[in-house]
Amino acid sequence: MAAAERIAAELGFDKSCLPEVGRLLSAAAASKPRGTIAESGTGAGVGAAWLHSGLGDGARLVTVERDAELVRRAAGIFADDDRVSVLQGDWRLLERYAPFDVFFCDGGGKRDDAERVVSLLAPGGLLVMDDFTPSAGWPPRFEGDVDELRLFYLTHPALVATEVLTTPVSSAVVATRRSRD
Ligand SMILES: C[S@@+](CC[C@H](N)C(=O)[O-])C[C@H]1O[C@@H](n2cnc3c(N)ncnc32)[C@H](O)[C@@H]1O
C-alpha cells in the first residue's frame, strides 16, 4: 500500500480508492481463497494493493489499466508475486480471465457496459463499485436526478446487492451474483 501511495503521489494521481474502500476490498479478496480477483482501472495500484493484502495462496489477481505509465509503475509493486497480473489496455482484456469471484469495477465497464460486468461474475461472485454519493430514500438520486446506473446494479435480477457507506459522504455498491439466474 505504501509503495502504491508513493507512486500515486509522485504521479499526481488522485483517484486512488479510500482506505475505507480498501479494507472492504481486502475482506472481499480474503473471502475467496482460491478465487479469481479482478480489477478494472489499476490506477497507481492502491486498490490492487488492498486486494493483494487479502489474496489467498491459491488465488490470483488480475488488474487492467489503459495508461501505460501507471501500468509500468503499478506492475513493479507486484513483480515478485506470480499470482498477480497487471495488464495494459482496455478493461475488456479482463474477459479472458472470467468468471470473477471478486470484481472491483473501477475503470471501464461500470458505466459503458454494465450488463457485461454482471455477466463476468461467477455464481457467488462479489462485485464492488465505489465512489457513489449516498442518497436518502428510494430510488437513489444524484444531484436531484434518479441515479439510473446505481439503480441498475441495485435491482439487477441476477444480483443480491446493497449500498454501504464508506464514509459519511461516499458509498459503495456491493453485490453478489446469484447462483441461478
Ligand atoms: C478511479 S481510477 C482507479 C483507482 C484504483 N482502482 C484504485 O483503487 O486505486 C480509474 C482508472 O481507470 C482507468 N480507466 C478508465 N477507463 C478505462 C478502460 N476503459 N480500460 C482500462 N482502464 C481504464 C483510468 O485510466 C484510471 O487510472
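Because the structure is a prediction, the values reported are computed rather than measured. (Residues numbered from 1 in each chain as written. Predicted model: local features only at pLDDT ≥ 70, side-chain atom pairs only at ≥ 80, totals over all residues. Heavy atoms only, no water.)

Peer 1: Can you help me understand the pattern of salt bridges in this one?
Peer 2: Once the charged atoms of two side chains with opposite charge are near each other, the side chains can pair. This model, assessed by the stated rule, comprises 9 salt bridges. Salt-bridge contacts for glutamate 69 lead to arginine 72; the nearest nitrogen and oxygen are separated by 3.1 Å. Of this pair, glutamate 69 and arginine 72 both sit in helix 4 (residues 68–77), 3 residues apart, roughly one helical turn. The class of glutamate 69 is partly exposed, set by a relative accessible area of 34%. Overall, the relative accessible area of 53% leaves arginine 72 in the exposed class. Between glutamate 95 and arginine 116 there is a salt bridge whose closest N-O contact spans 3.1 Å. Of this pair, glutamate 95 sits in the loop between strand 3 (84–88) and strand 4 (100–105) while arginine 116 is found in helix 5 (residues 114–119), placing the two residues 21 residues apart along the sequence. The exposure class assigned to arginine 116 is partly exposed, which follows from its relative accessible area of 31%. A cluster of three or more residues bridged by salt bridges with shared partners is formed by Arg92, Glu95, Asp112, Asp113 and Arg116. (Salt bridge = Lys/Arg side-chain N within 4 Å of Asp/Glu carboxyl O. Helix = DSSP H or I, 4+ residues; strand = E, 2+ residues; numbered from the N terminus. Buried < 20%, exposed > 50% of the residue type's maximum accessible area, 1.4 Å probe, protein only.)

Peer 1: Quick question: what am I supposed to make of the side chain of aspartate 130 here?
Peer 2: Examined against the element boundaries, aspartate 130 turns out to sit in strand 5 (residues 121–132). Summary of buried charges: aspartate 130 has no salt-bridge partner, and the nearest side chain of opposite charge, lysine 110, is 4.8 Å away. Sequence-distant contacts of aspartate 130, defined by excluding residues within four places in its chain, comprise Cys17, Val21, Phe104, Asp106, Lys110, Ser171 and Ala172. (Lys, Arg positive; Asp, Glu negative; His and termini not counted. Contact = heavy atoms within 4.5 Å.)

Peer 1: Mind showing me how you'd approach the state of the cysteines here?
Peer 2: When the sulfur atoms of two cysteines share a covalent bond, that bond is a disulfide. Counting across every chain of the model gives 0 disulfides. Take cysteine 17: it sits in no disulfide, and the sulfur closest to it among the cysteines is that of cysteine 105, at 14 Å. According to the relative accessible area criterion, cysteine 17 is buried, its value standing at 8%. Here cysteine 105 falls in the buried class, since its relative accessible area comes to 0%. (Disulfide = S-S within 2.5 Å.)

Peer 1: Where do I start with the packing of helix 2 (residues 19–30) against helix 3 (residues 46–53) in this structure?
Peer 2: When two helices pack together, their arrangement is given by the angle between their axes and by how far apart the axes lie. Put simply, helix 2 and helix 3 touch, their axes get as near as 7 Å, and they point 40° apart. The angle between the axes of helix 2 and helix 3 places the two elements in the oblique class. For helix 2 against helix 3, the interelement crossing comes out right-handed. Mapping the contact onto sequence places Pro19, Gly22, Arg23, Leu25, Ser26 and Ala29 in helix 2 and Gly47, Trp50, Leu51 and Ser53 in helix 3. Here the residues of the contact of helix 2 with helix 3 are counted per class, giving 5 nonpolar, 4 polar and 1 charged. (Axes fitted to C-alpha atoms, helices over the stretch in contact; angles between N-to-C directions. Parallel < 35°, antiparallel > 145°, perpendicular 65-115°, else oblique. Left-handed = near helix turned anticlockwise from the far one by under 90°. Nonpolar A, V, L, I, M, F, W, Y, C, P; charged D, E, K, R; others polar.)

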